[in-house]
Amino acid sequence: MTYAKKAMTACLITAGVFALGCKENEISLFVEHMKAPPTAPNCSTTAGDETTPGGLLDLSFRSPYSNYFLLRNSLMGREDYKNTRAETNGVFIEGVEVSVSTADGTPIGSPEYHVFEGYIEPESADIVFGVVVPKSVVDVIADNNGCRELTAGNYPPTDASGQFDAAGTIDRGEGVDAASAVQQVYASLRFLGHTNAGRDVETPTFTILIRLCCGCLVDWSTCDASLCERYCEEPDQSQMCSPGVGAGEATFDCRNLYAQINSWEGGCVDENGQPRLCTCDDCEG
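Residues numbered from 1 in each chain as written. Predicted model: local features only at pLDDT ≥ 70, side-chain atom pairs only at ≥ 80, totals over all residues. Heavy atoms only, no water.

Before going further, it helps to spend a moment on the packing of aromatic side chains. Here the structure, examined in full by the defined rule, presents six aromatic pairs. An angle of 65 degrees between the planes, with centres 5.8 Å apart, marks the rings of Phe-69 and Phe-191 as edge-to-face. Taken together, the positions of Phe-69 in strand 4 (residues 65-73) and Phe-191 in strand 10 (residues 184-195) put the pair 122 residues apart, joining distant regions of the chain. Judged by relative accessible area, which is 0%, Phe-69 ranks as buried. Among the residues examined, Phe-191 registers a relative accessible area of 0% and is labelled buried. Taking the centre distance of 6.1 Å and the plane angle of 85 degrees together, the rings of Phe-69 and Phe-206 count as edge-to-face. On the criterion of sequence distance, the pair formed by Phe-69 in strand 4 and Phe-206 in strand 12 (residues 206-213) is long-range, its members being 137 residues apart. By relative accessible area, Phe-206 is classed as buried at 19%. Three or more aromatic residues link up through ring pairs in this structure, and these residues are Tyr-68, Phe-116 and Phe-129. (Phe/Tyr/Trp six-rings, centres within 6.5 Å; stacked < 30°, edge-to-face > 60°. Helix = DSSP H or I, 4+ residues; strand = E, 2+ residues; numbered from the N terminus. Buried < 20%, exposed > 50% of the residue type's maximum accessible area, 1.4 Å probe, protein only.)

What follows is the structure in structure tokens.
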């Protein structure tokens, strides 16, 4: 198969996903794989780090899913004899275009373009960053699934026994379970840019499976002890480099939601024996 035929084949494959112009040399720039989300405290990714075919997104955080990819530029340097100079064929990455759909191909929201600047040397590969599930799409899915945003107002700690009020609980550690809930989506993205000579280039579409849940990345157990432990102990800092994106064993300590609560109803009385709100001073000793 000639180079021209190969380029035409790649153009036909990607046209069904994005109705934008196909570049003649798009098969020379492509996504090799997605990296596993980075972990704290470094929150960084290198070309040799672990790869993953998909990811996990907790909708309750209402944050986008973003991650790192290994992009390969197979263009070779070439001589420009007419102008007696060398064309390196390095690629400047300008941004990433992403669309999200359900398992049956139904689009969720509209395709979005996000700016990201980078440079890849010819005949090499490097790490690039890209939005996989935009926040606008996360909001739509979360609302449709009945997954409330992770705030103290949405999950009020009203039970004096130390447990959450029945109306304020979610399925801890479980995925969304409504019969009509979307439990996974497919994100399709491609990176766009130009060579040193100004020729437009783009990658073929790269598709990732993202599993969804509601509250599964929150450690609710730290809020189920005493009220003093919930409100007065220093919460663990989140070990997630990107809020709501599953990475290793990282979770979000639910006590971070209630760090601003300084008093609560808990059976405390004043010097006259009258009921009053409890504070952290009542927890000392």
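Further notes follow.
To continue, consider the nonpolar core. Formed by 35 residues in total, the largest nonpolar core has its most connected members in Leu-57, Phe-69, Val-133, Phe-191 and Ile-210. For this core, the secondary structure elements donating two or more residues are strand 1 (29-35), strand 4, strand 7 (91-101), strand 8 (107-120), strand 9 (124-133), helix 2 (135-145), strand 10 and strand 12. Of all the elements, strand 7 adds the most residues to this core, at five residues. The contacts of Phe-69, once residues within four sequence positions are left out, are Val-31, His-33, Met-34, Asp-126, Ile-127, Val-128, Gly-130, Val-132, Leu-189, Phe-191, Phe-206 and Ile-208. Of all hydrophobic cores here, the second largest spans 21 residues; its members include Phe-61, Trp-220, Ala-250 and Phe-252. (Core = buried A, V, L, I, M, F, W, Y, C linked by side-chain atoms within 4.5 Å. Contact = heavy atoms within 4.5 Å.)

Our focus in this paragraph is the pairing of strand 10. Of all the twelve residues making up strand 10, nine are buried; the element is thus mostly covered by neighbouring parts of the structure. Looking at chain direction, strand 7 and strand 10 are connected through ten bridges and run antiparallel. By the bridge assignment, Val-91 is partnered in strand 10 with Thr-195. Here strand 10 runs beside strand 12; their pairing, made up of six bridges, is antiparallel. For Tyr-186, the partnering residue across the bridge sits in strand 12 and is Leu-209. (Pairing = 2+ DSSP bridges.)

The next thing to look at is the state of the cysteines. Note: disulfide means a covalent bond formed between the sulfur atoms of two cysteine side chains. Following the criterion strictly, the structure yields six disulfides and no others. At a sulfur-sulfur separation of 2.0 Å, the disulfide partner of Cys-232 is Cys-280. Its S-S torsion of approximately -95 degrees makes the covalent link between Cys-232 and Cys-280 left-handed. Of the two residues, Cys-232 sits in helix 3 (residues 227-232) while Cys-280 sits in the segment after strand 16 (275-279), which places them 48 residues apart along the sequence. With a relative accessible area of 28%, Cys-280 lands in the partly exposed category. (Disulfide = S-S within 2.5 Å.)

Spatial ordering of the open sheet is given by 2-1-4-9, a layout of four strands whose pairing is antiparallel. What marks the edges here is a single partner per strand, and that holds for strand 2 (51-52) and strand 9.

All right, on to unusual backbone geometry then. Cis geometry marks the peptide bond from Ala-40 to Pro-41, where omega comes out at 5 degrees. Summarising the element assignment, Pro-41 is placed in the loop between strand 1 and strand 2. The phi torsion at Cys-43 lies on the positive side, around 55 degrees, for a residue other than glycine. Within the fold, Cys-43 resides in the loop between strand 1 and strand 2. Positive phi values are uncommon outside glycine, yet Glu-123 reaches one of about 55 degrees. If you trace the backbone, Glu-123 turns up in the loop between strand 8 and strand 9.

On to the pattern of salt bridges. Overall, the coordinates contain nine salt bridges when judged by the stated rule. Residue Glu-32 is joined to Arg-72 by a salt bridge in which the shortest nitrogen-to-oxygen separation is 2.2 Å. One end of the pair, Glu-32, is in strand 1; the other, Arg-72, is in strand 4, and 40 residues separate them in sequence. Since its relative accessible area comes to 28%, Arg-72 is described here as partly exposed. Asp-282 is paired through a salt bridge with Arg-276; the nearest N and O atoms lie 2.7 Å apart. The exposure class assigned to Asp-282 is partly exposed, which follows from its relative accessible area of 33%. The exposure class of Arg-276 is partly exposed, given its relative accessible area of 33%. (Salt bridge = Lys/Arg side-chain N within 4 Å of Asp/Glu carboxyl O.)

A word on the pairing of strand 3 (residues 54-58). Where a strand is regular, its side chains alternate between the two sheet faces. Buried residues dominate strand 3, accounting for five of its five residues. Of the two faces of strand 3, the one lined by Gly-54, Leu-56 and Asp-58 and the one lined by Gly-55 and Leu-57 are each fully buried. When strand 3 meets strand 12, the two strands line up parallel, connected through five bridges. Bridge assignment links Asp-58 to a residue of strand 12, and that residue is Cys-213.

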